Amino acid sequence: MNKLAFIRWAILLNGAINLLTGLALLFAPAWFYNALADFPPFNRHFLGDVGAFIFALGLGLLFAAREPRKHRGLIGVAALGALLHVGNHLYDDFLVGHATATTHLLTNTLPLFIMAVLLIAAWVMLARGD
């Protein structure tokens, strides 16, 4: 896989996951809460708010994947958001003491970390002109 193909793949993968996550948060917030985000209390409104932004970010990344060099800023902002998202999960896993911290670390935080690393790598490659 050449560098541009990797960059596009990383952006498309992150975009698709964000888009699907946003849709789930908007249209099935109770399912999302019970299946993936069991941080009480459940609040349909706030989950919908997050879903609106995550959906838009995913859509933007899917658009940016067509010509990533023209959309480095958007990709960088998405990479920063992904990294902050991982930090928020680590905070809950280690400092707050989430009830199932070990399981959560492996099933939620680690996949988010991998996705963030892929997006950061794509952004760095674009910033270097690869």
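Residues numbered from 1 in each chain as written. Predicted model: local features only at pLDDT ≥ 70, side-chain atom pairs only at ≥ 80, totals over all residues. Heavy atoms only, no water.

Caption draft 1: Representation of the packing of helix H1 (residues 3-27) against helix H3 (residues 44-64). Packing of H1 against H3 brings their axes to within 7 Å, and their N-to-C directions diverge by 155°. Judged by the angle between their axes, H1 and H3 are roughly antiparallel. As for the relative orientation of H1 and H3, their crossing is left-handed in sense. Counting all contacts with H1, which are made through Ile11, Leu12, Asn14, Gly15, Ala16, Asn18, Leu19, Thr21, Gly22, Leu23, Leu25 and Leu26, the residues of H3 involved are Leu47, Gly48, Val50, Gly51, Ala52, Ile54, Phe55, Leu57, Gly58, Leu59, Leu61 and Leu62. When grouped by side-chain class, the residues that make up the contact of H1 with H3 number 16 nonpolar, eight polar and no charged. (Axes fitted to C-alpha atoms, helices over the stretch in contact; angles between N-to-C directions. Helix = DSSP H or I, 4+ residues; strand = E, 2+ residues; numbered from the N terminus. Parallel < 35°, antiparallel > 145°, perpendicular 65-115°, else oblique. Left-handed = near helix turned anticlockwise from the far one by under 90°. Contact = heavy atoms within 4.5 Å. Nonpolar A, V, L, I, M, F, W, Y, C, P; charged D, E, K, R; others polar.)

Caption draft 2: Focus on the environment of Leu59. Residue placement: Leu59 occurs in helix H3. The spacing of Leu59 and Gly76 is 17 residues in sequence and 15 Å in space, taken between C-alpha atoms.

Caption draft 3: Structural view of the packing of H3 against helix H4 (residues 72-96). Direction vectors running N to C along H3 and H4 enclose 140°, while the axes themselves pass 10 Å from each other. As summarised for this structure, H3 and H4 are arranged oblique, according to the angle between their axes. Between H3 and H4 lies a crossing of left-handed hand. Residues Leu57, Gly60, Leu61 and Ala64 of H3 lie in contact with H4, whose contacting residues are Leu74, Ile75 and Ala78. Considered class by class, the residues forming the contact of H3 with H4 number six nonpolar, one polar and no charged.

Caption draft 4: Fine view of the packing of aromatic side chains. Under the counting rule described, the total for this entry stands at three aromatic pairs. Ring centres of Phe6 and Trp9 lie 6.1 Å apart, and the angle between their planes is 40°; on these two criteria the pair is classed as tilted. Linking Phe6 with Trp9, this pair stays in helix H1, spanning three residues, or about one helical turn. Note on Trp9: relative accessible area 39%, which makes it partly exposed. (Phe/Tyr/Trp six-rings, centres within 6.5 Å; stacked < 30°, edge-to-face > 60°. Buried < 20%, exposed > 50% of the residue type's maximum accessible area, 1.4 Å probe, protein only.)

Caption draft 5: View of the nonpolar core. In this structure, Ile7, Ile11, Leu61, Ile75, Leu119 and Ala122 are the most contacted members of the largest nonpolar core, which totals 15 residues. Elements with a contribution of two residues or more to this core: H1, H3, H4 and helix H5 (101-128). For this core, the element with the highest residue contribution is H5, accounting for six residues. Apart from the residues within four sequence positions on either side, Ile75 is in contact with Ile11, Leu61, Ala64, Pro68, Leu119, Trp123 and Leu126. Of all hydrophobic cores here, the second largest spans six residues; its members include Ala24, Leu25, Tyr33 and Ala37. (Core = buried A, V, L, I, M, F, W, Y, C linked by side-chain atoms within 4.5 Å.)

Caption draft 6: Up close: H1. Between its first and last C-alpha, H1 extends 36 Å over 25 residues, near the 36 Å set by a 1.5 Å rise per residue. For H1, the full list of buried residues reads Ile7, Ala10, Ile11, Asn14, Gly15, Asn18, Leu19, Gly22, Ala24 and Leu25. Put simply, Asn2 is the residue that caps the front of H1, since its side-chain oxygen is 3.2 Å from the backbone nitrogen of Leu4. (Expected span 1.5 Å × (residues − 1). Polar contact = N/O pair within 3.5 Å; in protein donor to acceptor, adjacent residues only side chain to side chain.)

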